[in-house]
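# Remarks on the overall topology
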Amino acid sequence: MKIPFFIQEFTDEMEEAAIHALRNESFVGGESVTKFEEEFAQYTGTKYAASVSSGNGALQISLMALGLNWDNTENENHSRRPGTIITPTNSFIASANCIRMSSSFPLLVDVNMDDGGIDLSDIKNKKNKMDLEKLSGIIPVHIYGNPCDFDSVKSFAEEEDIPIIEDACQAHGAEYKGKKVGSLGDVGCFSFYPTKNMTVGGDGGMTTTDNEETVLKIKSIRDNGRKTKNEFDKLGFTMRLNTVNAAIGRVQLKHLDEKTTRRREIVSIYRKNLAQDCILPENKDGKSVYHQIVVKHEKRDEIRKELTDNEIGSAIYYETPIHQQPIYKSYNNPLPNSEKFSKLILSLPSYPQLTNDQVLKICEHVNKIIS
Ligand SMILES: Cc1ncc(COP(=O)(O)O)c(C=O)c1O
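Residues numbered from 1 in each chain as written. Predicted model: local features only at pLDDT ≥ 70, side-chain atom pairs only at ≥ 80, totals over all residues. Heavy atoms only, no water.

Our next topic: the environment of Val33. Tracing the backbone through its elements, the reader meets Val33 in helix H2 (residues 31-44). For Val33, a relative accessible area of 7% gives the class buried. Between the C-alpha atom of Val33 and that of Asn242, which follows or precedes it by 209 residues, the distance is 7.6 Å. What Val33 contacts, discounting residues up to four positions off in sequence, is Ser51, Leu241, Asn242, Thr243 and Ala246. (Helix = DSSP H or I, 4+ residues; strand = E, 2+ residues; numbered from the N terminus. Buried < 20%, exposed > 50% of the residue type's maximum accessible area, 1.4 Å probe, protein only. Contact = heavy atoms within 4.5 Å.)

We now examine the site of the ligand. Near the ligand there are 15 residues, and of these Gly55, Asn56, Asp167, Ser191 and Lys196 occur at the shortest range. Between the ligand and the protein, one listed contact pairs an oxygen atom with a backbone N or O atom of Gly55 at 2.7 Å. Between Gln170 and the ligand, the recorded distance is 2.9 Å, taken from a side-chain N or O atom to an oxygen atom. Residue assignment for the shell around the ligand shows that the elements contributing at least two residues are helix H3 (55-65) and helix H4 (94-101). Per element, the largest residue contribution to the shell around the ligand is 3 residues, and it comes from H3. Taken together, the residues that form the shell around the ligand break down as 6 nonpolar, 7 polar and 2 charged. (Near = heavy atom within 4 Å. Polar contact = N/O pair within 3.5 Å; in protein donor to acceptor, adjacent residues only side chain to side chain. Nonpolar A, V, L, I, M, F, W, Y, C, P; charged D, E, K, R; others polar.)

In this section: the pattern of salt bridges. Overall, the coordinates contain 18 salt bridges when judged by the stated rule. A salt bridge links Glu13 to Lys254; the shortest N-O distance between them is 2.6 Å. Note that Glu13 is positioned in helix H1 (residues 12-24) and Lys254 in helix H8 (residues 243-254), a separation of 241 residues in sequence. A residue is classified by how much of its surface remains accessible, and Glu13, at 29% relative accessible area, is partly exposed. Here Asp301 makes a salt bridge to Arg300, at a shortest N to O gap of 2.7 Å. Note on Asp301: relative accessible area 53%, which makes it exposed. Arg300 sits in the buried class, given a relative accessible area of 8%. In this structure, a network of salt bridges that share partners links the residues Asp223, Arg226 and Arg240. (Salt bridge = Lys/Arg side-chain N within 4 Å of Asp/Glu carboxyl O.)

As a further point, take the domain arrangement of the protein. Size of an interface, as often reported, equals the accessible area lost when the parts are brought together. Partitioning the protein into domains gives domain 1 (12-254) and domain 2 (256-370). If you average the C-alpha positions of domain 1 and of domain 2, the two centres end up 25 Å apart. Facing the 46 residues of domain 1 at the interface are 37 residues of domain 2. Around 3,500 Å² of area is buried between domain 1 and domain 2 when both sides are counted, 55% of it from carbon and sulfur atoms. Together, Met113, Tyr144 and Asn197 form the three largest contributors to the area buried by domain 1 at its contact with domain 2, with a combined 24%. Across the contact surface, domain 1 and domain 2 share 0 salt bridges. (Domains from an automatic or database assignment. Buried area = accessible area lost by both parts, 1.4 Å probe.)

The subject of this paragraph is the environment of Pro336. With respect to the helices and strands, Pro336 occurs in helix H11 (residues 336-341). What makes Pro336 exposed here is its relative accessible area of 53%. For Pro336 and Asp110, which are 226 residues apart along the polypeptide, the C-alpha to C-alpha distance reads 7.3 Å.

Time to look at helix H12 (residues 356-370). Between its first and last C-alpha atoms H12 spans 21 Å; for 15 residues at 1.5 Å apiece the expected length is 21 Å, and the two agree. Summarising the contacts, the buried residues of H12 are in contact with helix H9 (256-273), helix H10 (300-309) and strand S14 (345-348). (Expected span 1.5 Å × (residues − 1).)

Here we come to the side chain of Thr44. By the secondary structure assignment, Thr44 is in helix H2. Other than its neighbours up to four places away in sequence, Thr44 contacts Lys180, Val181, Gly182, Ser183, Phe190 and Thr208.

Before going further, it helps to examine the sheet that holds strand S4 (residues 135-138). Strand order across the open sheet formed by 3 strands is S3-S2-S4, with parallel pairing between neighbours. The sheet terminates laterally at strand S3 (105-109) and S4, the two strands that pair on one side only. When the angles between neighbouring strand axes are averaged without regard to direction, this sheet yields 30°. With respect to the sheet, H4 is in contact with strand S2 (84-88) and S3, its orientation differing from that of S3 by roughly 155°. Across the sheet, helix H6 (residues 150-160) lies against S2 and S4, angled at about 160° from S4, the strand it touches most. (Pairing = 2+ DSSP bridges. Axes fitted to C-alpha atoms, helices over the stretch in contact; angles between N-to-C directions.)

So, on to the nonpolar core. Generally speaking, nonpolar side chains in soluble globular proteins are found buried as a group. Of all hydrophobic cores here, the largest spans 37 residues; its most connected members are Phe36, Phe40, Ile86, Ile123, Ile138 and Val153. Counting only elements with at least two residues in this core, the list comes to H2, S3, helix H5 (120-129), S4, H6 and H8. In terms of residue count, the dominant contributor to this core is H2 (5 residues). Discounting chain neighbours no more than four positions away, the residues touching Ile86 are Leu107, Val109, Ile118, Ile123, Leu135, Gly137, Ile138, Ile139 and Phe156. Counting 34 residues, the second-largest nonpolar core is a separate cluster that includes Leu280, Leu307, Leu348 and Tyr351. (Core = buried A, V, L, I, M, F, W, Y, C linked by side-chain atoms within 4.5 Å.)

Written as structure tokens, this is what we have:
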């Protein structure tokens, strides 16, 4: 590929931090882990952050910490218990799988055709048809790095008295009405998978919250449900973030804002030079971090072919909405917007290392099809 869709970054600074941590700290639970958590909490504007081993793990553990999972331990105070948890169908499968993993039922809802975000009118239609007693949570997704319409999610959640678990796995540093995502709901969940806007040199994740009890539960669940050295009072996993990854994460976090600035420059070059305004819009009340720069166009397949023929990478997130994945097919629940949306969208390269000339070259090829 002349212009790949994604490049994996490994800098001298990341290498030095990794070696330093490996030589000087415990491989598990080293000082870098605590520092990364403190710095991430400060960055996101929450009181606490607890690292975990992936974004999927962040979501799963958050549901458990909020008492939304099935758990047969008698001393656990389950205020809510499993039920139905709402999440949009235009997302990575983990947004829904975490719900299934906690023995809850994912109510997959449609997206709005403008930006592919969760469609609240769809939630309201569904809500009227379901057993409300069973509604136990909502996982809005800040898809493509663009904050969702959080006011509507919040008023819905308040009406229903359910917690909000933000899936901010694609949206490190994105803002809604001046507040960072991950600080808006009850718990925020982030992924550091290598394609994300920041990584830890492998899989990794983070949870953010203002609630001390929740963060303590998350820290316990990621460590097998440990209460003290030899006492375990809840179900748990081994889902900690390794020290070396935390050390790399600290370096990446330090550079996140400058990279976001570059992503925003890149999107403005695309917007200026594409023959049609076909890039998905930014939330008018927020700031996207452009994890994905997505065009929506009837000629999507032709654009993709033109790019591939000229060795320019592109990708489709997501070709198959979650409700049409084999594992969810039995839900048999048509969600027409997302089905249409998935056939129109194409992610263009968006990484900060792209040069202006490369962005212009991509525009040239897209314009050949859409002009
Ligand atoms: C929206 C969304 N949710 C959840 C995840 C899961 O994160 P991870 O791959 O780190 O488990 C991802 C990442 O792929 C994601 O993009």
